[in-house]
Amino acid sequence: MKSLGAQTVVIVGAGPRGTSVMERLLAQYVNKRSAHELHIHLVDPFPPGAGHVWRTGQSRLYLMNTQSFFPTLIPDQGVSALPLAGSSFNEWRAAQREQPADMLTAEDKAELAALAATGFPSRALYGRYLSWSFERLVAQLPHNVTLTVHATEAKRVARDHENGGFDVALLDGEKLHAHQVVLAVGHVESKLNPAQRALRDDARANGLTYLPPAVPNDVNWAQLPAGATVLVRGMGLNFFDVLGQLTEGRGGTFEPTGQPAGEALRYVASGQEPVIVGASRRGTPYRAKAELQSYYPHSVTLRFLGEDAVAAIKAMGATAGFDHDIWPLLHRDTLWAYYTTLARTRPETVSAQLLPELDALLHAGLDGGDPGWALRLKDLLVQHVHVDHILDLRGLARPLTKHPLRPGTNHRFSSHAQMDAAVLAYLSADAAGSARGEDDPVKMAIGALNAGRAIIKSLVADKGITQVSWLGELRGWFEGFVEGLASGPPAVRMEQLAALVRAGVVHFAGPDPVFRIEHGLFSVNSPWVADHPWEASYLVEALAPANQIVNSDSLLLTNLLADGLARPRVMLPSDGEPVVTSGLDVSAPPYRPLDGTGVPVDGLYVLGLQLSSVQWGTAIAAEASAKYRSGYRTVLDADAIAADILA
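Remember, predicted model here, so these are calculated numbers, not experimental data.

Looking at the pattern of salt bridges
Where charged atoms from two side chains of opposite charge approach closely, those side chains can pair.
Item 1. Under the criterion given, the structure shown has 26 salt bridges.
Item 2. As a salt-bridge pair, aspartate 595 and arginine 159 come within 3.9 Å of each other at their nearest N and O atoms. One end of the pair, aspartate 595, is in the loop between strand E19 (579-584) and strand E20 (604-606); the other, arginine 159, is in strand E4 (residues 154-159), and 436 residues separate them in sequence.
Item 3. On the basis of relative accessibility, which here comes to 35%, the residue arginine 159 falls in the partly exposed class.
Item 4. Between arginine 629 and aspartate 462 there is a salt bridge whose closest N-O contact spans 2.8 Å. In this pair, arginine 629 sits in the loop between E20 and helix H17 (633-646) while aspartate 462 sits in the loop between helix H13 (441-461) and helix H14 (467-486), placing the two residues 167 residues apart along the sequence.
Item 5. The partly exposed category is assigned to arginine 629, whose relative accessible area is 27%.
Item 6. Residues joined in a network through salt bridges with shared partners are Arg60, Asp108, Glu111 and Arg128.

Here's what the structure looks like:
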């Protein structure tokens, strides 16, 4: 079927991952000097390349979370065949500044003129790059290869028992026969969880407006009126998207103050803004990214949790536990990054003996010879570091209830005004730290955590961590901890938020907020704030739709599960009760879904978010010139799928 006649491949999802599979198919087809006919069908209601999330017409206020030098659709290492066309985003950015393509709009050109390699592009501009990459690939279609784009959704993939392969039913009524099918569906709609459904239903009964989790560009922000109080649950990346649409998106402007970082902007209101109340478990937004010339700080080296450490664990035939085997190593790297930066930039805060003694202590117990090193760490730091500069890592993630540099110190707030003042101080300090870049000890500690995360991603993908540890440790505490520190917005967002607080546009509910509907209104209060609850007729869930296979609102995924062509992955935690995880149960790469009996479905492949139960951190783009293997995992997976299809 593969080698004699024509071969038909259907790729469901034409965003970055679906386009990446197409690129790998074309490159390998040419590399193999194949002569058979290859027919590729892309199925997606949104334009190919950009897909849903990266649509080119969306607001320029929606920014990427990585700098220009980071993302790429086109592989630059690790794959089996050289690309036929295309470049990294940064190479494209530089080329388009010199010789703009006809497809660029005036807005694209204006953004490109001001965008540096270290700047954060808009999602619309990244979508333009993806569209350009797709067009370049189409222009390089090899002889005997055809490409058909179907601007609709796939609703069912079923085995064709009579002819072999699969039948793919589309929403527009067409049916495609395929020898192989690739599922690269990306973000899909999700059903609300029970608490969200209860809020939505009660909101309807009380005439309130409830905006559920959504891709921000899909939301009609005009339904939130000027002057009204709007509660926003969640202060991760989507929070800043909400803020942008309700402030700058309504005519407000930010002006430079001439003051240092942390106080660098003032907000000039348009009068069309609502009163925004942010709420999250931490009580604060994610920390902003440091201003760096590279994705990982040049001054940070992983001396303990490196690729060699992971290789040593696997060489022993062992499966790691995160808390027992991985975190002690990454904790050491993080401490070393913090205190070496502190000693370099603030030598008056530490003694000359700190680094030699800390180095010896961190190496103690690596082979189990000194399990008490962590207990002795506190005494060493008290002896050699000024009390105001001793780091408590867990405190970084709970800055309002646990002081990161004064362990054991708790905060309580007597009023909303005191709460706002505390968050404003946090925002200003964090923005100032971002501006210091490699010279900020806290940001370098976070840089070590981010680099360690790249190592851990490879370990997880290589099945090097136990199910108990995955559920209770990696995803149980570390995932939320590291995301709040290392997955934050560009530093300018922290400056803008501080300006909005000073202008009285944004307030904060406090840590551990409790939401309910009382007296016909949404209300939120925090046990840490001794003041009346905030009340409003409007509540926004500043979250993306949950990536949960069993709660997906996708007709395609629902039918795959119902038809027995796929199943969710089930894991066993420490208490022995099975847990249905977020992603599909799949084979080893190239990832194929396991059917209802646990057998891999030949010819059916999965790429992207639905691999969240075998990969960790599946949403981020491929990294250009990646330092760590996990940085180009997406293109490796696409390459493996293409190789299997063309074998």
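Now, onward.
Points about the confidence of the model for the protein
Item 1. Scored by pLDDT, the protein comes out at a mean of 94, with 97% of its residues at no less than 70.
Item 2. Segment residues 404-409: pLDDT under 50, and 18 contacts once partners within four positions in sequence are set aside and those in other chains are kept.

Let's talk about the packing of aromatic side chains
Item 1. Enumeration according to the criterion identifies 22 aromatic pairs in this entry.
Item 2. Here the aromatic rings of tryptophan 477 and phenylalanine 481 are separated by 5.8 Å at their centres, their planes lie at 50°, and the arrangement is tilted. Residue tryptophan 477 and its partner phenylalanine 481 are located together in helix H14, separated by four residues, close to a single helical turn.
Item 3. Overall, the relative accessible area of 6% leaves phenylalanine 481 in the buried class.
Item 4. Ring-pair connections join several aromatic residues into one group, and the members of that group are Trp54, Phe89, Trp92, Tyr126, Tyr129 and Trp132.
Item 5. Sitting over the ring of tryptophan 336, arginine 303 keeps its end group 4.1 Å from the ring centre.

Calculation rules
- Residues numbered from 1 in each chain as written.
- Predicted model: local features only at pLDDT ≥ 70, side-chain atom pairs only at ≥ 80, totals over all residues.
- Heavy atoms only, no water.
- Salt bridge = Lys/Arg side-chain N within 4 Å of Asp/Glu carboxyl O.
- Helix = DSSP H or I, 4+ residues; strand = E, 2+ residues; numbered from the N terminus.
- Buried < 20%, exposed > 50% of the residue type's maximum accessible area, 1.4 Å probe, protein only.
- pLDDT = per-residue confidence, 0-100.
- Contact = heavy atoms within 4.5 Å.
- Phe/Tyr/Trp six-rings, centres within 6.5 Å; stacked < 30°, edge-to-face > 60°.
- Lys NZ or Arg CZ within 6 Å of the ring centre and 35° of its normal.

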